[in-house]
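# Residue-level structure breakdown
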Amino acid sequence: EGNALDAKVAELEGVTTIIGGDGYLWDMGGMKYSPSTDWRHGGPIIERDHIFLQPPSEEHVHGGPNNGWHRYDFWRATVSSNTRQRPNPSGSKLAPLTVGRGAGKTALIAAMRAYVDSKAT
């Protein structure tokens, strides 16, 4: 969360940042860079990578060991399977990447955690 999450997103996005005297992360163009709190930065990543957002809610699981209603008091995010694939070295099919999932108190925090998680090697 905070600067640590934003700095990791900046690194993955190729955005050069510095921590200013005010403690905030700034890009080299002089704009505060905070994709985990600013929709101008996080929104385009969500759209581009098709990050699915789920608001706090109750869900019913039918069957299995977790059968029943479950309450989630936080936002959840998953990176779309469209962006979780990379070319297979053999060139025949696509090889799956890590599934990106995240959770947080806001939609942007959950989405940026999912984005970072999807890039894990």
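This report concerns the structure included in the present document. (Residues numbered from 1 in each chain as written. Predicted model: local features only at pLDDT ≥ 70, side-chain atom pairs only at ≥ 80, totals over all residues. Heavy atoms only, no water.)

### Things to note about helix α3 (residues 107–118)
- In this model, α3 (12 residues) spans 16 Å end to end at C-alpha, consistent with the 16 Å of a helix rising 1.5 Å per residue.
- Taking burial as the measure, the 12 residues of α3 include 10 buried ones, the bulk of the element.
- On its buried face, α3 sits against α1 (2–13), α2 (39–48), β3 (51–54), β6 (75–79) and β9 (101–104). (Helix = DSSP H or I, 4+ residues; strand = E, 2+ residues; numbered from the N terminus. Expected span 1.5 Å × (residues − 1). Buried < 20%, exposed > 50% of the residue type's maximum accessible area, 1.4 Å probe, protein only. Contact = heavy atoms within 4.5 Å.)

### A closer look at α1
- Taking 1.5 Å of rise per residue, 12 residues should cover 16 Å, and α1 covers 17 Å from first to last C-alpha, within 8% of that figure.
- For α1, the set of buried residues is L5, D6, V9 and A10. Projected down its long axis, α1 shows its buried positions confined to an angular sector of 140°, all on one face. Of the residues in α1, the exposed ones pointing more than 90 degrees away from the buried face are A4 and E11. (Arc of directions from axis to C-beta.)

### A word on the packing of aromatic side chains
- Under the criterion given, the structure shown has one aromatic pair.
- Aromatic side chains Y72 and F74 sit 5.9 Å apart centroid to centroid with 85° between the ring planes, which places their arrangement in the edge-to-face category.
- Judged by relative accessible area, Y72 falls into the partly exposed class, the value being 23%.
- The exposure class assigned to F74 is partly exposed, which follows from its relative accessible area of 33%.
- Over the ring of Y24 we find K32; its NZ or CZ atom is 3.8 Å from the centre of that ring.
- The ring of Y72 carries R76 above its face, with NZ or CZ at 3.7 Å from the centroid. (Phe/Tyr/Trp six-rings, centres within 6.5 Å; stacked < 30°, edge-to-face > 60°. Lys NZ or Arg CZ within 6 Å of the ring centre and 35° of its normal.)

### Remarks on the nonpolar core
- Among the nonpolar cores identified, the biggest contains 18 residues, and V9, I45, I51 and M112 are the most heavily contacted of them.
- Where this core is concerned, the elements lending two or more residues are α1, α2, β6 and α3.
- When sequence neighbours within four positions are dropped, the list of residues in contact with I45 reads V9, E13, Y33, I51, M112 and Y115. (Core = buried A, V, L, I, M, F, W, Y, C linked by side-chain atoms within 4.5 Å.)

### Structural notes on the sheet that holds β6
- An order of β3-β6-β9 is seen for the three strands of this open sheet, with the pairing classed as antiparallel. The open sheet has two edge strands, β3 and β9, and neither has a second partner. Strand-to-strand, the axes of this sheet are offset by a mean angle of 20°, without reference to chain direction.
- In terms of strand pairing, β6 meets β9 through four bridges, oriented antiparallel. Residue pairing in the sheet places R76 in a bridge with A103 of β9.
- The sheet contacts of α3 involve β3, β6 and β9, and relative to β9 the element is tilted by about 155°. (Pairing = 2+ DSSP bridges. Axes fitted to C-alpha atoms, helices over the stretch in contact; angles between N-to-C directions.)

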